[in-house]
Amino acid sequence: MSAADGQTDDGRGAERVAERDSGRDSERDAILAALAPVADGIAATFGSLCEAVVHDYRRPEQSVVSIAGAVTGRSVGGAMSEIGMGMLARGDEADDELNYLTRTQDGKLVKSSTMLLRDSGGAVFGALCVNLDITAVRQVGTLIGELAGVAAPAEVPTTTFGDDVDAVVRSVVDAYQLKRSRPWGELDRDERVELFRGLDERGVFAVRRAVPQVAARLGISRASAYTYLSKARAQDAPAAGPDTSQGASA
């Protein structure tokens, strides 16, 4: 086979890959579009305390492609929460998260389910999320529990929801520092690497510009942030998050 034939074969191979990717994106777009009225129906069925959100994980900074109801204060074009980031980090190995509790920054107690969307090849590309504001229900339940002498329920972690993905990234970084009860400057090398590993496992670095955001939040240089992230992934290669080499999404 001549060099020219090889180039022709390579060109045809690239065309086939492009056609396959185009077909896959068309399939995913169709699924997302079909779920928009489903979200409307869910919110209408459960009323004003319910919100249904359709996410496109191909663009985490603007993952909300359809939303019905108003529980978390987001709109179309808004960002995913740290829960979505964690699923994005797990990729095709992620599982649905059903009936979990979170608390919004304005104090609402929210019962949620996140159901992953997969294409015909089994690849995760989005999610349908249902959020139900159960603040009043929980208050009534707590009152009844107190009257019955039952212990108060455990505290529910606060989750950041919003249209600005940078705010979500900052919230996750702050939460990790808070767990350690010490500022970045007082952490030793292993603790710093562990912090970056934890952020990576939560999917923070799947978001574009996340590394500079994390660096700024911690008060360190971008180069230092990339170094700590590289060390975290090198120590735990099977659980490594998305690639942050030049041109990658971080």
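**Q** Is there a simple way to think about the pattern of salt bridges in this case?
**A** Counting across every chain of the model gives eleven salt bridges. Two residues, R59 and D56, come together in a salt bridge whose shortest N-O distance is 3.9 Å. For R59, a relative accessible area of 38% corresponds to the partly exposed category. Taking relative accessible area as the criterion, D56 reaches 5% and is therefore assigned buried. Here E194 makes a salt bridge to R197, at a shortest N to O gap of 2.4 Å. Within this pair, E194 and its partner R197 are both found in helix α5 (residues 189–201), separated by three residues, close to a single helical turn. On the accessibility criterion, E194 (37% relative accessible area) is partly exposed. One network of salt bridges, with partners in common, ties together D25, D29, D56, R58 and R59.

**Q** Got a minute to help me understand unusual backbone geometry in this structure?
**A** What you tend to see is this: most non-glycine residues have negative phi, and most peptide bonds are trans. At N99, a residue that is not glycine, the phi angle is positive and equals roughly 55°. Within the secondary structure, N99 sits in strand β3 (residues 97–103). The exposure class assigned to N99 is exposed, which follows from its relative accessible area of 55%.

**Q** Honestly, the pairing of strand β1 (residues 50–56) in this entry has me stumped. Any pointers?
**A** Regular strands show a simple pattern: their side chains alternate between the two faces of the sheet. Where burial is concerned, most of β1 is hidden: seven out of the seven residues are buried. Every second residue of β1 is oriented toward a common face, with C50, A52, V54 and D56 on one face and E51, V53 and H55 on the other, all of them buried. Inspection of the sheet shows β1 paired to strand β5 (residues 124–133) by seven bridges, in the antiparallel sense. Bridge pairing links D56 to G126 in β5. Here β1 pairs with strand β2 (residues 64–68) via four bridges, running antiparallel. Residue pairing across strands places V53 opposite I67, the latter belonging to β2.

**Q** What's the story with the packing of aromatic side chains in this structure? I'm lost.
**A** How two aromatic rings sit relative to each other is set out by the distance from centre to centre and by the angle between their planes. Evaluated as defined, the whole model comprises two aromatic pairs. Between F196 and F205, the ring centres sit 5.9 Å apart and the planes meet at 5°, which makes this aromatic pair stacked. Residue classification places F196 among the buried positions, given a relative accessible area of 0%. Taking the centre distance of 5.7 Å and the plane angle of 20° together, the rings of F196 and Y228 count as stacked. In this pair, F196 sits in helix α5 while Y228 sits in helix α7 (residues 222–235), placing the two residues 32 residues apart along the sequence. The exposure class of Y228 is buried, given its relative accessible area of 15%. Cluster of aromatic residues (ring-pair linked, three or more members): F196, F205 and Y228.

**Q** Would you mind going over the sheet that holds β2 with me for this structure?
**A** Sheets are built from strands that pair by backbone hydrogen bonding, the pairs being arranged parallel or antiparallel. Sheet architecture is open: five strands sit in the order β2-β1-β5-β4-β3, paired in antiparallel fashion. Among the strands making up the open sheet, the edge pair consists of β2 and β3. Going across the sheet, the axis of each strand differs from the next one's by a mean of 20°, ignoring polarity. Contacts from helix α2 (residues 82–90) reach β3 and β4 (109–118) within the one sheet, and its direction differs from that of β3 by about 140°.

Criteria and thresholds
Residues numbered from 1 in each chain as written. Predicted model: local features only at pLDDT ≥ 70, side-chain atom pairs only at ≥ 80, totals over all residues. Heavy atoms only, no water. Salt bridge = Lys/Arg side-chain N within 4 Å of Asp/Glu carboxyl O. Buried < 20%, exposed > 50% of the residue type's maximum accessible area, 1.4 Å probe, protein only. Helix = DSSP H or I, 4+ residues; strand = E, 2+ residues; numbered from the N terminus. Pairing = 2+ DSSP bridges. Phe/Tyr/Trp six-rings, centres within 6.5 Å; stacked < 30°, edge-to-face > 60°. Axes fitted to C-alpha atoms, helices over the stretch in contact; angles between N-to-C directions. Contact = heavy atoms within 4.5 Å.

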